[in-house]
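# Structural features, examined
The lines below spell out each chain.
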There are 2 protein chains.
Amino acid sequence: MNIILLSGGSGQRLWPLSNNIRSKQFIKLFRNNDGNCESMMQRVCRQIYEVDPKANIVIATSKSQVSEIYNQVGDSIAVCVEPVRRNTFPAITLAVSYLEDIAGIDKDEPVIVCPVDPYVDNDYFEAMLRLEQIVRHDGDGIVLMGAEPVHPSDKYGYIIPSDNSELSFVREFKEKPDMKTAAEYISKGALWNCGVLGFKLRYLLEKSHTMIDFDGYDSLVRQYTDMPSISFDYAVLEREKGIRVLRFGGAWKDIGTWNTFVDSMSEQIIGQAVFDDTCKDIHIVNELNIPVICMGLNDMIVVVGNDGILVTDKEQSSKIKPYVERLDSRARYAEKSWGTFVILDVQERAMTVKVSIRAGKKMNYHSHNYRNEIWAVLSGDGESVVDGVHRTISAGDVVLLPAGCKHTVRAITELNIIEVQEGEEITVHDKLRYEQIL
Amino acid sequence: MNIILLSGGSGQRLWPLSNNIRSKQFIKLFRNNDGNCESMMQRVCRQIYEVDPKANIVIATSKSQVSEIYNQVGDSIAVCVEPVRRNTFPAITLAVSYLEDIAGIDKDEPVIVCPVDPYVDNDYFEAMLRLEQIVRHDGDGIVLMGAEPVHPSDKYGYIIPSDNSELSFVREFKEKPDMKTAAEYISKGALWNCGVLGFKLRYLLEKSHTMIDFDGYDSLVRQYTDMPSISFDYAVLEREKGIRVLRFGGAWKDIGTWNTFVDSMSEQIIGQAVFDDTCKDIHIVNELNIPVICMGLNDMIVVVGNDGILVTDKEQSSKIKPYVERLDSRARYAEKSWGTFVILDVQERAMTVKVSIRAGKKMNYHSHNYRNEIWAVLSGDGESVVDGVHRTISAGDVVLLPAGCKHTVRAITELNIIEVQEGEEITVHDKLRYEQIL
């Protein structure tokens, strides 16, 4: 199965664990069978490989997520990066073009497009295999997947099929309705729109060529900035005749807010926390290394992360967005391709960061004009380079990095470093990159 | 006025801002007229000086609080330190002996003893001046202060006076009763026991000599470890005849739990926090540098500190103690005589600490056997000494402190330092002290 996973979104609704650089699909709160917590991104990739070990996954995303994707799923999964953020039609076109030109997929092969964040069981991806077979053997055009609703919801789009058979033509699409209208749709046999598309590679390339004048993947990348920001729904679905929908009867959930998120948690508490016996129906997620005590809470969610603390009534939690938008806070935790960093302390002219680099990984060779840095190695073994001078480092070592020096570090075993930044200007923009030296 | 302030107590009920080394009287949450937050310790000392600019204050405390007291009220106030923690009778005897031998107070001078943590207005200390005058002019023995109750309470001890005059004999003491009994006491004219004692210095010394064989302050210090842990109430008040009580009609509150604490806060929020308009009757105290968002909360308290996070129903908050006792957490924030430190990160063999040293202050000259330390100066100017070698330091400088080296630092202007500790054993016990060198 060739599958394009659409990974986008900003992270306001699941603040403080998501933020402007960390979307909800990267939050690790789902316990897998090994007892480890995995993110939606990791969970979906694992599920796809469980259902189809030979799956050919391409993650379509924007620049800001690339490091985090490599961090979470490794670099064996292909990532197709939008040069700038546009909407789903250009993004899907780019990914399809990637499949043809870079991955060398035949034009007659089926392609499935799927959002990266459905909370589902493996039967969902088994249905996708069936969708692929339909596309492969059963003509051209687009086949969608629609989930049978279990209750009226004003959070999803609806597909009205022409009849109740497993595979039927789409009569109409309906945007998110109010609850009453949703109930009416359901009584007429409507399905939830899962955002899953199936088509032959050839189909979409031809469709795109009628709208965009391009000559393969590289040409598309070059002109990407000039592309209109237009959704796949608007560009294709709303104009296309003969779209079919495959009915899916299993569980499907879009987890977009804390109250839906905690419903899917297998535990009541993740992280250090205790609560007294007057607490009822509460969930606590604590990513910090300090304890949480809850007393006398009812139907509430407490979330503690590096970026902040949320204490909310479950129902109310879906209305968080405007409050997060008002915050003027820099993300304090980030996952990079080489590991993670957490900001520990911020002063006017100084910042202290804990950097963890995974075994075998390395930073870019880079320099800063306006700040000095100091690395104090807490644990692990590695190799640093400062202005071309190589040195092995381990716990207790200190590396001085005056402003202007080129530097990088490679972890031999997992390397934990305290980085103290000090200078007249401390911003992410003060960074010059050089050719790799390690 | 000679006044002994009793500063004791552990910090469980106001966790996470109080902890095993930081009692409630040190939490800075009371806004003073200058707009700054002050602690109960600072507030009470300020109030005493406002009422009696020539007051002679001695703070009676244990070793663990000395640094914090100097940090908060400076070193111009006398501190009398129990060599080990005993109960109020030995502690008061030691402080009285200090007043005679070290402060040189005449035996005929009145002495007032007062807990360090009453939440009162200045009229309380004006009543104390009146108490002092009564002791000075009006005979021997003990005079107490009793506050007129404003409601039945099961949190206070009661004094039953013989009549309703301003100064009357004590008929009986009553321990904390249940609410019904408290109401009965009040109907009979009972007063809340404020824990305030007035007596002539001579009186208490003579009383103590009948129970302890000692010869002045130094002798008492030497034998302090062998003293029985016995309360002043048990040793003196319950046996003494002719104790009088001075009636106090003003406001008096003992702030021991979060719900009583927030009642005295002048603001609903201290620190970075926002709440939505569905929140009602909430208080938020946030000492960390990350934002708190509260939504849909009713009658609740959220407290965020370096040691942990408390989310509690107001009523329930008084029952926190057993949950705090169960925590196995090291205090992450402490005030020292020279400034403050906050633990930023803890690993198995490493710890990162932010140290702030106030202008003019210095650490002890000391060394560690089992850990290396690195100082990275974030801001300020100072002077470091490492194995006798002096050096001036400022922002951007790094000082290496290998295990075994003797070191100290003095701040010229306020000095902020990141200290990275790394080694096989990181404990507060690994510290050898040497004679001051700065």
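The structure reproduced in this document is the subject of the present report.

Reading the values: the criteria
- Residues numbered from 1 in each chain as written.
- Chains lettered and ligands numbered in written order.
- Predicted model: local features only at pLDDT ≥ 70, side-chain atom pairs only at ≥ 80, totals over all residues.
- Heavy atoms only, no water.
- Contact = heavy atoms within 4.5 Å.
- Buried area = accessible area lost by both parts, 1.4 Å probe.
- Salt bridge = Lys/Arg side-chain N within 4 Å of Asp/Glu carboxyl O.
- Polar contact = N/O pair within 3.5 Å; in protein donor to acceptor, adjacent residues only side chain to side chain.
- Helix = DSSP H or I, 4+ residues; strand = E, 2+ residues; numbered from the N terminus.
- Nonpolar A, V, L, I, M, F, W, Y, C, P; charged D, E, K, R; others polar.
- Pairing = 2+ DSSP bridges.
- Disulfide = S-S within 2.5 Å.
- Axes fitted to C-alpha atoms, helices over the stretch in contact; angles between N-to-C directions.
- Parallel < 35°, antiparallel > 145°, perpendicular 65-115°, else oblique.
- Left-handed = near helix turned anticlockwise from the far one by under 90°.
- Phe/Tyr/Trp six-rings, centres within 6.5 Å; stacked < 30°, edge-to-face > 60°.
- Buried < 20%, exposed > 50% of the residue type's maximum accessible area, 1.4 Å probe, protein only.

### Observations concerning the interface of chain B and chain A
The interface is formed by 54 residues belonging to chain B together with 54 residues belonging to chain A. Taking both partners together, chain B and chain A bury about 4400 Å²; carbon and sulfur atoms supply 70% of that area. When the buried area of chain B at its contact with chain A is split by residue, Ile-293, Met-295 and Ile-309 of chain B rank highest and sum to 17% of it. For the pair chain B and chain A, the interface holds two salt bridges. Measuring nitrogen to oxygen at the nearest pair gives 3.1 Å for the salt bridge that ties Asp-345 of chain A to Lys-354 of chain B. Counting across the chain B and chain A interface gives 18 residue pairs in polar contact (both at pLDDT 80 or more). Top element by residues in the side of chain B that touches chain A is strand S19 (residues 308–313) of chain B. It accounts for six residues. Considered class by class, the residues forming the side of chain B that touches chain A number 32 nonpolar, 13 polar and nine charged. Sheet topology note: the strand S17 (residues 292–295) of chain A/S19 of chain B ladder contains four bridges and is parallel.

### Description of the state of the cysteines
Under the defined criterion, the tally for this structure stands at zero disulfides over all chains. Its sulfur unpaired, Cys-80 of chain B is 15 Å from the next cysteine sulfur, which belongs to Cys-45 of chain B.

### Some details on the packing of helix H1 (residues 40–51) of chain A against helix H4 (residues 122–137) of chain A
All names here are of chain A. Their axes nearest at 9 Å, the elements H1 and H4 cross at an angle of 55°. What the angle tells us is that H1 and H4 run oblique. At the point where H1 passes H4, the crossing takes the right-handed sense. Of the residues in H4, those touching H1 at Val-44, Gln-47, Ile-48, Glu-50 and Val-51 are Asn-122, Phe-125, Glu-126 and Leu-129. Partitioned by chemical class, the residues of the contact of H1 with H4 number five nonpolar, two polar and two charged.

### Looking at the packing of aromatic side chains
For the structure shown, the criterion picks out 27 aromatic pairs over all chains. Centroid distance Tyr-98 of chain A to Tyr-217 of chain A: 5.5 Å. Interplanar angle 80°. Geometry classified as edge-to-face. Note that Tyr-98 of chain A is positioned in helix H3 (residues 88–101) and Tyr-217 of chain A in helix H7 (residues 217–222), a separation of 119 residues in sequence. Of the two residues, Tyr-98 of chain A and Tyr-217 of chain A, neither departs from the other in class, the shared state being buried. Ring plane angle 80° and centroid distance 5.2 Å describe the contact between Tyr-124 of chain B and Phe-248 of chain B, whose orientation is recorded as edge-to-face. Of this pair, Tyr-124 of chain B sits in helix H4 (residues 122–137) while Phe-248 of chain B sits in strand S12 (residues 244–248), placing them 124 residues apart in sequence.

### Side note on the side chain of Ser-219 of chain B
Assignment of secondary structure puts Ser-219 of chain B in helix H7 (residues 216–222). Separated by 2.9 Å, the side chain of Ser-219 of chain B and the backbone nitrogen of Asp-215 of chain B make a polar contact.

### Things to note about the sheet that holds strand S14 (residues 269–270) of chain B
One open sheet holds the six strands; their spatial order is S15(A)-S17(A)-S19(B)-S18(B)-S16(B)-S14(B), and the pairing between them is mixed. The open sheet has two edge strands, strand S15 (273–275) of chain A together with S14 of chain B, and neither has a second partner. Sheet topology note: the strand S18 (residues 300–305) of chain B/S19 of chain B ladder contains six bridges and is antiparallel. The residue of S19 of chain B that forms the bridge with Val-302 of chain B is Val-311 of chain B.

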